[in-house]
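Geometric and topological summary
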Amino acid sequence: MKRFLSILLLVALCATAVFAASGRAGKNAKWILKDGVLTISGTGPMKNFSKDRPFREDLVRKLVIEEGITTIGNNICRDCENLITVELPSSLASVGDNSFLNCVNLSEITIPFGTVSIGKRAFMDCKAFIEINLPLSIKTIGDEAFAGCENMTFARLSQSTETVGKDAFKGCKILGELADLPSYITTRTFMDYGLNRAAVKKHWDKKEEIAAKFGNASGAAAQQQQPTAAKAQVEPSDVDVNIPYSGKNNSNTFAVIIANENYGKLSNVPFALNDGNTFALYCKRTLGIPEKNILQFNDATYGSMRAAFSDLRLINDVVGEEMKVIFYYAGHGAPDDATLDPYLIPVDAARVNKDVCVPLASIYQDLGRMKLKSATVFLDACFSGATRDGSMVVAARGIARVPKKAGLSGKVAVFSATSGEQTAMPYNEKGHGMFTYFLLKRLQETEGNISLMDLKEYLNTNVPRHSTIVNRKDQTPTVLVSNAASAEWDSWKLAE
């Protein structure tokens, strides 16, 4: 009898070890497997695992990676054939090699904005995948990353993705719908990535149709004919990597980010998309703004820009006086010829016109009328009519003008990239606007723990100095503050 009880006790102990096993998943991370759920918690990177994991892969039905973890280690769920669902945190930066290799039943996963790289064979042979949407932050997709996902029908990549590995989609036999392809994936290069030529052609044909509506059909056609030359070469700079993760949760802060680079009938704005994408990463990781609170619009049309503030007003009606707003804009700005009132220019505008452009005054009025704790505005644009490349938004006029100053109400502080008739210049070496680069640099250096006064002093020191040295042109940022905020704005912190 005692022998029988001992055996029962041993079986019970073994069952407990199986269903509630735990261990280290990194220097500051741990794993626990309980009732089919593998949970990774802690901070920083996960360690890389060998093919043999310290837990039974056949018991893993769900993976939960908690906020604070920045990388998924190699092989973490390799051959977990019963894995169905994965939940990933906004702090995630990279997905390791073979992470979900041969997870044949994995069907529910969302790669969060902020993830920069996907490793080799990361999702190879995930046969239950129907579609994959990759965020704009993705820079690198490894070799064979999605190879063998034979039931995938739709894939959204990112135009800003710099490297797609060899055979990344090989064996995706019915993948017929593609969106937002990088310019170097064309009907000449599709085989390198394992893609279907018809799907690639269909994508670029649609792009040509859209471009034709804006009078720029030749741009899309040129990408097909000269894929190498068409690719924008924007190498990640020091502010695009090692973005601090603060672990904060500023649930009452909302960010509106508009980055307009590709204009249909006006000159483009170099690096504007890179500006907006990286600023969004700092908002999420460093300032602790939840992803759902970040309203990001890349190459925004007039309707999109209007919708951004319509959404913000609706949110303010719910959140109320505890709400903080950060508004960031990179793109063309220009004054009206007759009134000199400053406007933000959508990508579908052909000229500076009050009917198709957004008055800066209307944005200030919207912010002033809301019940806000604070609103901080960053404008990497000039309103003299000049552009980052030194030309004019409206070529016929050909001279820079001093725009009229827009009035402020409510608790609003505005950081502008320039003064008077100056031009908001690029920092070509860094792949950003000069103003945005130093804004990001200070957020990186301080991990977001900086007052607006400190930020003002930093920008006023570094932007003029480097603009003169690098571009041989004056550029002095300015700060405009409403009366209601004049006694307190200097102590505001973006990360509070």
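1. Points about the overall build of the protein chain
Of the regular secondary structure elements, the protein chain holds nine helices and 25 strands. Split into buried and exposed, the 496 residues of the protein chain put 54% on the buried side. Put simply, 57% of the contacts in the protein chain that link residues at least 6 apart link residues at least 24 apart. Of the roughly 21500 Å² of accessible surface on the protein chain, a fraction of 50% belongs to carbon and sulfur atoms.

2. Digging into the environment of Pro112
Topologically, Pro112 is positioned in the loop between strand S8 (94-95) and strand S9 (117-118). Separated by 179 residues in sequence, Pro112 and Glu291 place their C-alpha atoms 8.5 Å apart. With sequence-adjacent residues up to four places away left out, Pro112 is seen in contact with Leu88, Pro89, Ser90, Leu92, Pro135, Ser137, Lys284 and Glu291.

3. Structural notes on the sheet that holds strand S19 (residues 342-344)
In space, the three strands of this open sheet follow the order S18-S19-S20, with antiparallel pairing throughout. Single-partner strands in this sheet number two, and they are strand S18 (333-335) and strand S20 (358-359). For S18 and S19, the ladder comprises three bridges, and the chain directions are antiparallel. Across the sheet, residue Gly333 finds its bridge partner in S19, namely Leu344.

4. Digging into helix H9 (residues 452-471)
A rise of 1.5 Å per residue sets the reference length of H9, with its 20 residues, at 28 Å; its end C-alpha atoms lie 26 Å apart and thus fit the reference within 8%. Those residues of H9 not exposed but buried are Leu452, Leu455, Tyr458, Leu459, Asn462, Val463, Pro464, His466, Ser467 and Asn471. Lining the buried residues of H9 we find strand S21 (374-380), strand S22 (412-416), strand S23 (426-427) and helix H8 (434-446).

5. Focus: the pattern of salt bridges
This structure, assessed with the given rule, holds 14 salt bridges. Among the ionic pairs, Asp238 bridges to Lys441, the shortest N-O distance being 2.8 Å. Separated by 203 residues along the polypeptide, Asp238 in the loop between helix H4 (227-230) and strand S15 (253-259) and Lys441 in helix H8 bring together distant segments of the chain. Note on Lys441: relative accessible area 18%, which makes it buried. Taking the shortest distance from any N to any O, the salt bridge between Asp366 and Arg313 comes out at 3.0 Å. Of this pair, Asp366 sits in helix H7 (residues 360-369) while Arg313 sits in helix H6 (residues 302-319), and the two are 53 residues apart along the sequence. Relative accessible area serves as the criterion here: at 34%, Arg313 is assigned to the partly exposed category. Linked through salt bridges whose partners overlap, the residues forming this network are Asp125, Lys127 and Glu150.

6. Re the nonpolar core
Counting 83 residues, the largest nonpolar core has Phe279, Leu312, Phe327, Leu367 and Phe378 as its most contacted members. At seven residues, the largest contribution of residues to this core is made by H8. Sequence-distant contacts of Leu367, defined by excluding residues within four places in its chain, comprise Phe309, Leu312, Val325, Leu372, Ala375, Val377 and Val412.

7. Quick notes on H7
Among the 10 residues of H7, seven are classified as buried, and the element is accordingly described as predominantly covered. Three or more residues of H7 are buried, namely Leu360, Ser362, Ile363, Tyr364, Asp366, Leu367 and Gly368. In this structure, the buried side of H7 is in contact with H6, strand S17 (324-330), S19, S20, S21 and S22.

8. Section: the confidence of the model for the protein chain
Across the protein chain, pLDDT averages 85, with 86% of residues at or above 70. Across residues 392-404, where pLDDT falls below 50, the model places 41 contacts with residues more than four positions away in sequence or in other chains.

9. Regarding the packing of H8 against H9
Remark: H8 packs on H9, axes separated minimally by 9 Å, with the N-to-C direction vectors making an angle of 135 degrees. In terms of orientation, H8 and H9 fall into the oblique class. Crossing geometry of H8 relative to H9 is assigned as right-handed. In contact with Met434, Phe435, Phe438, Leu439, Lys441, Arg442 and Glu445 of H8, H9 contributes Leu455, Tyr458, Leu459, Asn462, Val463, His466, Ser467, Val470 and Asn471. Taken together, the residues of the contact of H8 with H9 break down into nine nonpolar, four polar and three charged.

10. A look at unusual backbone geometry
Phi at Asp79 is positive, roughly 65 degrees, even though this residue is not glycine. On the accessibility criterion, Asp79 (23% relative accessible area) is partly exposed. For Arg472, which is not glycine, the phi dihedral falls at a positive 55 degrees. Tracing the chain through its elements places Arg472 in the loop between H9 and strand S25 (478-481).

11. Examining the packing of aromatic side chains
This structure, assessed with the given rule, holds 14 aromatic pairs. Here the aromatic rings of Phe123 and Phe146 are separated by 5.4 Å at their centres, their planes lie at 5 degrees, and the arrangement is stacked. Remark: Phe146 occurs in the loop between strand S11 (140-141) and strand S12 (154-156) and Phe123 occurs in the loop between S9 and strand S10 (131-133); sequence separation between them is 23 residues. A residue is classified by how much of its surface remains accessible, and Phe123, at 0% relative accessible area, is buried.

12. With respect to the side chain of Ser99
Structurally, the position occupied by Ser99 is in the loop between S8 and S9. A polar contact is formed between the side chain of Ser99 and the backbone oxygen of Gly96, at a distance of 2.5 Å. Sequence-distant contacts of Ser99, defined by excluding residues within four places in its chain, comprise Ile72, Gly73, Asn75, Ile76, Cys77, Arg78 and Ala122.

13. Some thoughts on the environment of Arg197
Within the secondary structure layout, Arg197 lies in helix H2 (residues 197-213). Along the backbone, Arg197 and Thr186 are 11 residues apart, and their C-alpha atoms lie at a distance of 8.2 Å. Other than its neighbours up to four places away in sequence, Arg197 contacts Thr187 and Phe190.

What counts as what
Residues numbered from 1 in each chain as written. Predicted model: local features only at pLDDT ≥ 70, side-chain atom pairs only at ≥ 80, totals over all residues. Heavy atoms only, no water. Helix = DSSP H or I, 4+ residues; strand = E, 2+ residues; numbered from the N terminus. Buried < 20%, exposed > 50% of the residue type's maximum accessible area, 1.4 Å probe, protein only. Contact = heavy atoms within 4.5 Å. Areas by Shrake-Rupley, 256 points an atom, 1.4 Å probe, with all protein chains shown as cover. Pairing = 2+ DSSP bridges. Expected span 1.5 Å × (residues − 1). Salt bridge = Lys/Arg side-chain N within 4 Å of Asp/Glu carboxyl O. Core = buried A, V, L, I, M, F, W, Y, C linked by side-chain atoms within 4.5 Å. pLDDT = per-residue confidence, 0-100. Axes fitted to C-alpha atoms, helices over the stretch in contact; angles between N-to-C directions. Parallel < 35°, antiparallel > 145°, perpendicular 65-115°, else oblique. Left-handed = near helix turned anticlockwise from the far one by under 90°. Nonpolar A, V, L, I, M, F, W, Y, C, P; charged D, E, K, R; others polar. Phe/Tyr/Trp six-rings, centres within 6.5 Å; stacked < 30°, edge-to-face > 60°. Polar contact = N/O pair within 3.5 Å; in protein donor to acceptor, adjacent residues only side chain to side chain.

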